[in-house]
Amino acid sequence: MVTNNDIPGLCNCAQLRRAARNITRFYDACLSESGLRVTQYSILGHLKHRGPKTMMEIAEMMTMDRATIGHNLRPLERDGLITIQVSEADRRARIVSITDEGLKRVKQGRAGWDRAQAEFERQFGAQNAASMRQMMDEVASISFEIE
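Keep in mind the model is a prediction, meaning the values are calculated, not measured.

**Some thoughts on the nonpolar core**
Residues Ile-43, Leu-44, Ile-69, Leu-73 and Leu-76 are the most contacted members of the largest nonpolar core, which totals 24 residues. Looking at this core, the elements with two or more residues in it are helix H2 (12-31), helix H3 (38-50), helix H4 (55-62), helix H5 (66-78), strand S3 (94-98) and helix H6 (100-124). At 5 residues, H3 tops the list of elements feeding residues into this core. Beyond its immediate stretch of four places on either side in the chain, Leu-44 contacts Leu-36, Leu-76, Leu-81, Ile-82, Ile-98, Gly-102 and Val-106.

**A closer look at the packing of H3 against H6**
The interhelical angle for the contact between H3 and H6, taken along N-to-C directions, is 120 degrees, at an axis separation of 10 Å. Here H3 is positioned oblique relative to H6, judged by the angle of their axes. Two packed elements cross with a definite hand, and for H3 against H6 that hand is left-handed. Only Gly-102, Leu-103, Val-106, Gly-109, Arg-110 and Trp-113 of H6 make contact with H3, whose side of the interface consists of Tyr-41, Leu-44, Gly-45 and Lys-48.

**Let's talk about a nonpolar patch on the surface**
Residues Leu-16, Met-135, Met-136, Val-139, Ile-142 and Phe-144 make up a contiguous nonpolar surface patch of about 550 Å² in total accessible area. Broken down by element, the nonpolar patch gets its largest block of residues, 3 residues, from helix H7 (residues 126-141). Its place among the elements puts Met-136 in helix H7.

**Some remarks on the sheet that holds S3**
Here 3 strands make up an open sheet; going across it, the order is S1-S3-S2 and the pairing antiparallel. Only two strands of the sheet have a single neighbouring strand rather than two, namely strand S1 (53-54) and strand S2 (82-86). Bridging between S2 and S3 involves 5 bridges; their strand directions are antiparallel. Looking at the pairing, Gln-85 lines up with Ile-95 of S3. Sitting on the sheet, H3 is in contact with S1, S2 and S3, with an inclination near 90 degrees to S3. Each of S2 and S3 touches H5; the most contacted strand, S2, lies at about 125 degrees to it.

**Some remarks on the side chain of Thr-99**
Inspection of the secondary structure puts Thr-99 in the loop between S3 and H6. A polar contact is formed between the side chain of Thr-99 and the backbone oxygen of Gly-80, at a distance of 2.6 Å. Apart from the residues within four sequence positions on either side, Thr-99 is in contact with Gly-80, Leu-81, Ile-82 and Thr-83.

**Observations regarding the pairing of S3**
Across 2 bridges, S1 lies against S3 in antiparallel orientation. Bridging from a neighbouring strand, Thr-54 pairs with Ile-95 of S3.

**Considerations on the packing of aromatic side chains**
Scanning the model with the defined rule gives 3 aromatic pairs in all. Ring plane angle 90 degrees and centroid distance 5.9 Å describe the contact between Phe-26 and Tyr-27, whose orientation is recorded as edge-to-face. On the basis of relative accessible area, Phe-26 is assigned to the partly exposed category, the value being 29%. Looking at Tyr-27, the relative accessible area reads 7%, which means it is buried. Consider the rings of Phe-120 and Phe-124, whose centres lie 5.2 Å apart with planes at 40 degrees: the pair is tilted. Separated by 4 residues within a single helix, Phe-120 and Phe-124 lie in helix H6, roughly one turn from each other.

Cut-offs used in this document
Residues numbered from 1 in each chain as written. Predicted model: local features only at pLDDT ≥ 70, side-chain atom pairs only at ≥ 80, totals over all residues. Heavy atoms only, no water. Core = buried A, V, L, I, M, F, W, Y, C linked by side-chain atoms within 4.5 Å. Buried < 20%, exposed > 50% of the residue type's maximum accessible area, 1.4 Å probe, protein only. Helix = DSSP H or I, 4+ residues; strand = E, 2+ residues; numbered from the N terminus. Contact = heavy atoms within 4.5 Å. Axes fitted to C-alpha atoms, helices over the stretch in contact; angles between N-to-C directions. Parallel < 35°, antiparallel > 145°, perpendicular 65-115°, else oblique. Left-handed = near helix turned anticlockwise from the far one by under 90°. Patch = residues over 30% accessible without salt bridge, like charges linked within 9 Å, V, L, I, M, F, W, Y side chains within 5 Å. Areas by Shrake-Rupley, 256 points an atom, 1.4 Å probe, with all protein chains shown as cover. Salt bridge = Lys/Arg side-chain N within 4 Å of Asp/Glu carboxyl O. Pairing = 2+ DSSP bridges. Polar contact = N/O pair within 3.5 Å; in protein donor to acceptor, adjacent residues only side chain to side chain. Phe/Tyr/Trp six-rings, centres within 6.5 Å; stacked < 30°, edge-to-face > 60°.

Everything listed here is a matter of geometry and, on its own, says nothing about what the molecule does.
Here it is as structure tokens:
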């Protein structure tokens, strides 16, 4: 029971982060056989389905800052799952592409991801999950400004 004095219980950010940590831990466990964490799997999935992107485009898709994206891309590059090259159009930009090994790893992780999706929807409900994804897309699209 949340009361008006229960600031942590009322805090939208704290509750979203709490839920995100719980589901991240679950998806990471389901993906563990692939050697990928859910954030890495998501990045590779974006590259697989949307083609090569700049680091900034990936940061925008993932709603992350450039430094965090760099931190997440380094192990993928080290393991040969992506390549990062200087853009011919803008020498300041870096183009990230998925490799054949990255495509194999996405395929390897798919069963774990499917298992996580199915279990989440079984426990939370398929309709609730669809509504939640739509709601989270809306939240992610808000442009918050401090006045």
